[in-house]
Amino acid sequence: VYKRHESITSGYTAYSFYLLISLIFLFSMISKDRFNTLWFYPVTAGLAFAGIITSLGRVNIVLAGIVAAFFFLRKYFSPKSIIIMTVIVVAVSGLAFSLNKSEIQNRIEQPAALSDRDIIWKGFFEIAKENPVFGFGPRSFSEVFPFKDEFADRGISSWHNEYFQALQRTIR
């Protein structure tokens, strides 16, 4: 069981970002009248919102809220569409979180937790001094990262930051 929703080919951040872009596309490309007369579109939007929420990616959840507020303020959604989306989000998210109580409990207890990213940043700047231009090559995180013993999550095996990863994976 995965602690967060993610896709087969990407982690939870990319997954929820793809869903966010899909939502923006859906709301931008489908006319207001068509969105509100066909049940398919509110159900699809509700599933996308639920996917974003259950991925637990805080930034994408906030961005999805901003997108929803923007279209809500533009009176894009009918009351029926709002009800359909809300029911889908509550049902899917409720089911997902009931099956994964530990991750939600962790988020409630530590809402500002950095997921060890502060240690990743510290480690990046430490080793970037050694090879600032060419990095250490692909899949080198486990071999070169100096502070692995400080991680709360012992399973971390990558930079969790696209910029750091690109810089450190450069072929030597």
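Heads up: the structure comes first, above all this text.
Note that the coordinates shown come from a computational prediction; the quantities given were computed from them, not determined experimentally.

Enquirer: Outline a nonpolar patch on the surface, supporting the account with residue identities and numerical values.
Expert: Together, Phe17, Tyr18, Ile21 and Ile24 line one region of the surface with nonpolar side chains, adding up to about 380 Å² of accessible area. Among the secondary structure elements, Tyr18 is positioned in helix 1 (residues 12–29).

Enquirer: Any chance you could break down the pattern of salt bridges for me, citing the residues and the numbers?
Expert: Scanning the entire structure with this criterion turns up two salt bridges. In this structure, the salt-bridge partner of Glu150 is Lys122, at a minimum N-O distance of 2.9 Å. Taken as a pair, Glu150 in the loop between helix 8 (141–144) and helix 9 (162–168) and Lys122 in helix 7 (residues 117–128) lie far apart in primary sequence, 28 residues in all. The salt bridge partner of Lys129 is Glu126, with a shortest N-O separation of 4.0 Å. For Lys129, a relative accessible area of 63% corresponds to the exposed category. Taking the relative accessible area as the measure of exposure, Glu126 reaches 37% and is therefore partly exposed.

Rules of the game
- Residues numbered from 1 in each chain as written.
- Predicted model: local features only at pLDDT ≥ 70, side-chain atom pairs only at ≥ 80, totals over all residues.
- Heavy atoms only, no water.
- Patch = residues over 30% accessible without salt bridge, like charges linked within 9 Å, V, L, I, M, F, W, Y side chains within 5 Å.
- Areas by Shrake-Rupley, 256 points an atom, 1.4 Å probe, with all protein chains shown as cover.
- Salt bridge = Lys/Arg side-chain N within 4 Å of Asp/Glu carboxyl O.
- Helix = DSSP H or I, 4+ residues; strand = E, 2+ residues; numbered from the N terminus.
- Buried < 20%, exposed > 50% of the residue type's maximum accessible area, 1.4 Å probe, protein only.

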